[in-house]
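If you want the building blocks of each chain, they are given just below.
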Amino acid sequence: MTARAPLRIGITCYPSVGGSGILASALGEELAQRGHEVHFIGYERPFRLPIGAPRLHFHPVVINDYELFKYPDYTLPLSVKMAEVSQAHRLDLLHVHYAVPHATAAILARSMLPPESRPRVVTTLHGTDTTLLGRDPGYGPAIRHALDCSDAVTAVSAFLKGEGERLIGFKGQVDVVHNFFAPRPTQRSLEEVRRELGLNPDDFLLFHSSNLRPLKRVDLILEALSLVKTAIQVKLLVMAGGSFAPFAEQVRRLGLENHLIVRENVNAIEDYLQAADLGVFASETESFCLSILEAMCFGCPSVATRVGGIPELVKDGTTGILCPPGDAHALTASLLRFIEDRSLRLEMGAAARVRAKEFFSPEVIVPQYEAVYYRVCSLGQPFRSRMGGPG
Ligand code: GMT
């Protein structure tokens, strides 16, 4: 195979705790390790992005708080910064994660530049940019326009690709590129983490991580916990990407205080994942559910709802158990199957780890993004009138 010139890539994503930002940061890191020059552009440095890594740069967008605006605007300063960075660093492409408002800003940035400096635009749909905002008449047409103007559109699952067609009415090509996860080395031993969590040797640790938004149905998970807690020493660890306070009343009402451990906004998720026995996810919808994949990488199977892209990730009955959404009793029955049969947990956990490596590892997924990049970059002029790679 002929070696291809490394690319100069701009990436924009939401920097805080959230699947799309985690994925975009990990992708940037992987691309830089493969020799590409990567420039993150956004209002904050993505929280998992390492500092000082070669070929990995961050360009902050400064947002002014003008009194004349009732609502602060991010799209315009973002587009100006994208244009500036594209020109200064001769970017080949802008890869935006989560369409709103990143894709619109990228299209605007591109049109601000002279033809010879225009980067290609790749937009990745992640989830609620399509399933929630895509159906909103106040956003849908702008999203469709940005997708129509993108040089390539990718979606993190076949499900989401379908939703893009159905809800946004986007008729162009969408490449399905599933998410990947590359766990970092753990910083503490399993014993240390179990001690910090106050676990007894026989405790069975359920694991949930999300931003706790209503569609994650944490209320159902707590209800299921209240039904399984008498069976055995079961504890639930919630890695919360938001405040857990709204659930305090339900926890008290169900008497779950001694069965619940909450950690908010943790960076070293791997330390906790190594201690997890079983993931539990009750989302009403989910385009992929990166959290399930994160657990799979640690040999942890999941009980999850059969919604959205989850069946593309979890092989029902082999790497986890899928339940109908909105049904705490089905969730409870599936949890009990694992809790009562620890060999099932080990068997499915091992299968989950293998599946994660085989289909959702950086080695498998990053080349799929690179293929999209080289494809759009080979489309006509002026790309690579400046051939020769970063210099
Ligand atoms: O919904 C979230 O938890 C956050 C959101 C995001 O933008 O980070 O997640 C979406 O993108 C993730 C990464 O591709 C997917 O794993 C999540 O399934 C998706 N969320 C939804 O579809 C609800």
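Rules used throughout
- Residues numbered from 1 in each chain as written.
- Predicted model: local features only at pLDDT ≥ 70, side-chain atom pairs only at ≥ 80, totals over all residues.
- Heavy atoms only, no water.
- Pairing = 2+ DSSP bridges.
- Helix = DSSP H or I, 4+ residues; strand = E, 2+ residues; numbered from the N terminus.
- Axes fitted to C-alpha atoms, helices over the stretch in contact; angles between N-to-C directions.
- Contact = heavy atoms within 4.5 Å.
- Parallel < 35°, antiparallel > 145°, perpendicular 65-115°, else oblique.
- Nonpolar A, V, L, I, M, F, W, Y, C, P; charged D, E, K, R; others polar.
- Domains from an automatic or database assignment.
- Buried area = accessible area lost by both parts, 1.4 Å probe.
- Salt bridge = Lys/Arg side-chain N within 4 Å of Asp/Glu carboxyl O.
- Polar contact = N/O pair within 3.5 Å; in protein donor to acceptor, adjacent residues only side chain to side chain.
- Near = heavy atom within 4 Å.
- Areas by Shrake-Rupley, 256 points an atom, 1.4 Å probe, with all protein chains shown as cover.
- Right-handed = clockwise from strand over helix to strand, strands pointing away.

Colleague: Which residues make up the sheet that holds strand S10 (residues 260-264), and what values go with them?
Modeller: Spatially, S10-S9-S8-S11-S12-S13 is the arrangement adopted by the six strands of the open sheet, whose pairing is parallel. Looking at which strands have only one partner, the edges of the open sheet turn out to be S10 and strand S13 (320-323). Averaged over all adjacent pairs, the angle separating strand axes in this sheet is 20°, with direction ignored. Where strand S8 (residues 204-210) meets strand S11 (residues 278-281), two bridges bridge the pair, whose relative direction is parallel. By the bridge assignment for S11, Leu206 is matched with Leu278. Each of S8, strand S9 (234-240), S10 and S11 is contacted by helix H8 (residues 218-228), which is oriented at about 165° to S9, the strand it contacts most.

Colleague: I'd love a proper account of the sheet that holds strand S3 (residues 56-60), names of residues and values included.
Modeller: The sheet built from seven strands is open, its strands ordered S3-S2-S1-S4-S5-S6-S7 with parallel pairing. This sheet does not close on itself; its edge strands, each paired only once, are S3 and strand S7 (174-176). Averaged over all pairs of adjacent strands, the angle between their axes in this sheet comes to 25°, without regard to strand direction. As paired strands, strand S1 (residues 8-12) and strand S4 (residues 93-97) are joined by four bridges and run parallel to one another. Considered in S4, the bridge of Gly10 is made with Leu94. Its contacts with the sheet put helix H1 (residues 19-33) on S1, strand S2 (37-42), S3 and S4, and the angle it makes with S2 is roughly 155°. Along the sheet face, helix H2 (residues 75-88) touches S1, S2, S3 and S4 and points at about 160° away from the line of S2.

Colleague: I'd like to hear about the packing of H1 against helix H15 (residues 362-377), residue by residue, with values.
Modeller: Packing of H1 against H15 brings their axes to within 11 Å, and their N-to-C directions diverge by 80°. Overall, the two elements H1 and H15 adopt an arrangement that is roughly perpendicular. On the side of H1, the interface is formed by Leu23, Leu27, Glu30 and Leu31, while H15 contributes Pro362, Val366, Tyr369, Glu370 and Tyr373. Considered class by class, the residues forming the contact of H1 with H15 number seven nonpolar, no polar and two charged.

Colleague: Hey, could you go over the domain arrangement of the protein chain for me, with residue numbers and the actual values?
Modeller: Interface size is often expressed as the accessible area that is lost when the parts come together. By domain assignment, the protein chain separates into domain 1 (8-180 + 362-377) and domain 2 (190-359). Between domain 1 and domain 2, the C-alpha centre-to-centre distance is 30 Å. Taken together, the two surfaces of domain 1 and domain 2 that pack against each other cover about 1,500 Å², and 56% of this comes from carbon and sulfur. Counting across the interface, domain 1 meets domain 2 through two salt bridges. Residue Lys357 pairs with Glu363 through a salt bridge whose shortest N-O separation is 3.8 Å. Run the count over domain 1 and domain 2 and you get seven residue pairs in polar contact (both at pLDDT 80 or more). Contributing elements (two or more residues each) for the side of domain 1 that touches domain 2: H1, helix H6 (158-168) and H15. Grouping the constituent residues of the side of domain 1 that touches domain 2 by class yields eleven nonpolar, seven polar and two charged.

Colleague: Tell me about the site of the ligand, and name the residues and values.
Modeller: Taken together, 19 residues lie near the ligand, and Gly19, Ser20, His126, Arg213 and Glu286 sit nearest. Between the ligand and the protein, one listed contact pairs an oxygen atom with a backbone N or O atom of Gly19 at 2.7 Å. Between the ligand and the protein, one listed contact pairs an oxygen atom with a backbone N or O atom of Ser287 at 2.9 Å. When the ligand is considered free in solution it has 480 Å² of accessible area, and contact with the protein chains removes 93% of it. Residue composition of the shell around the ligand, grouped by class: six nonpolar, ten polar and three charged. Structurally, the shell around the ligand is a two-domain feature, drawing no fewer than three residues from each of domain 1 (8-180 + 362-377) and domain 2 (190-359).

Colleague: Break down the pairing of S10 for me, citing the residues and quoting the values.
Modeller: The pairing of S9 with S10 spans five bridges and is parallel. Paired with Leu237 across the two strands is Ile261, which belongs to S10. Regarding topology, helix H9 (residues 248-253) serves as the crossover connection from S9 to the parallel S10, and that connection is right-handed.

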